[in-house]
Amino acid sequence: MRRSARRLLAFIAQFIVFFVGFLLLYPVLLPIYNGLALSLANVVLAHSSLPLYIQVTADHSWVVYRLPEKRPLFTLEGAYLSLIYLNLALLPALVLATPGPFQQRLKLLGWGMALLLGVHALSAIALTRAEICVHYDPDNIGCNVVEGIFGTGGQLFAVAIWVTLTWRYWLELLSQDIKT
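Just so it is clear, the structure is predicted and the values come from calculations on it, not from any experiment.

**Focus: the layout of surface pockets**
The calculated volume of the largest pocket comes to roughly 170 Å³. Along the walls of the largest pocket sit Leu 50, Arg 66, Arg 71, Leu 73, Phe 74, Glu 131, Ile 132, His 135 and Tyr 136, which together make up its complete lining. Put simply, the parts of the chain that give the lining of the largest pocket at least two residues each are strand 3 (71-76) and helix 4 (102-136). With four residues, helix 4 is the single largest residue contributor to the lining of the largest pocket. Among the residues forming the lining of the largest pocket, the class breakdown is five nonpolar, one polar and three charged.

**Description of the nonpolar core**
Counting 48 residues, the largest nonpolar core has Ile 54, Trp 62, Tyr 85, Leu 91 and Trp 162 as its most contacted members. At the level of elements, helix 1 (3-46), strand 1 (52-56), strand 2 (62-66), strand 3, helix 2 (78-85), helix 3 (87-97), helix 4 and helix 6 (154-179) are the ones that each hand at least two residues to this core. The element contributing the most residues to this core is helix 4, with 11 residues. Not counting the four nearest positions on each side in its chain, Leu 91 is found in contact with Gly 112, Met 113, Leu 116, Ala 158, Ile 161 and Trp 162.

**Quick notes on the side chain of Thr 128**
Position of Thr 128 among the secondary structure elements: in helix 4. A distance of 2.9 Å separates a polar side-chain atom of Thr 128 from the backbone oxygen of Ile 125.

**Details of a nonpolar patch on the surface**
A surface patch of nonpolar side chains, amounting to about 570 Å² of accessible area, comprises Leu 8, Leu 9, Ile 12, Ile 16, Val 20 and Leu 24. Along the chain, Leu 9 falls in helix 1. Residue class for Leu 9 comes out partly exposed when judged on its relative accessible area of 49%.

Conventions adopted
- Residues numbered from 1 in each chain as written.
- Predicted model: local features only at pLDDT ≥ 70, side-chain atom pairs only at ≥ 80, totals over all residues.
- Heavy atoms only, no water.
- 1 Å grid on protein atoms, 1.4 Å probe; cavity = no way out; pocket = protein on both sides within 12 Å on 5 of 7 lines; lining within 4 Å.
- Points joined across faces, edges and corners; volume = space filled by probe spheres on them.
- Helix = DSSP H or I, 4+ residues; strand = E, 2+ residues; numbered from the N terminus.
- Nonpolar A, V, L, I, M, F, W, Y, C, P; charged D, E, K, R; others polar.
- Core = buried A, V, L, I, M, F, W, Y, C linked by side-chain atoms within 4.5 Å.
- Buried < 20%, exposed > 50% of the residue type's maximum accessible area, 1.4 Å probe, protein only.
- Contact = heavy atoms within 4.5 Å.
- Polar contact = N/O pair within 3.5 Å; in protein donor to acceptor, adjacent residues only side chain to side chain.
- Patch = residues over 30% accessible without salt bridge, like charges linked within 9 Å, V, L, I, M, F, W, Y side chains within 5 Å.
- Areas by Shrake-Rupley, 256 points an atom, 1.4 Å probe, with all protein chains shown as cover.
- Salt bridge = Lys/Arg side-chain N within 4 Å of Asp/Glu carboxyl O.

Written as structure tokens, this is what we have:
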């Protein structure tokens, strides 16, 4: 068996173990992470042309308020939002299973989680804005596309971040196979 095939099998096995582990941690990490992502989003939303504020309920739903009177505009259900954050389990599993020195994987994990936090804050901003837009103009294609991308693209964002961070390791693995 080629070295790259062995490493690929090792990656798959490690990924499964890490993914299951992070899925088990997901319910514990989600409230903390959600609060952090929304805190970042709220800083931007509070200073936008239509000032908004997102508050999390006990069931992980988002209630979006208009500032300064803090009048509720709408609620995004927690079950829908959990799809956005599922990459909180996917990205760490992908990064930690990637071939390479463990120290380097931890460094990449730190960068990846920082990028993911930024993506989630951006997603919260985009979703709230798109939801308002769709409410007032349901046929607006742009708003529907933005809502679709940021509402369901969560796992794609994790994979995109992982590929961006680790493509050199996979290229090196392939080049080693070509040389041998």
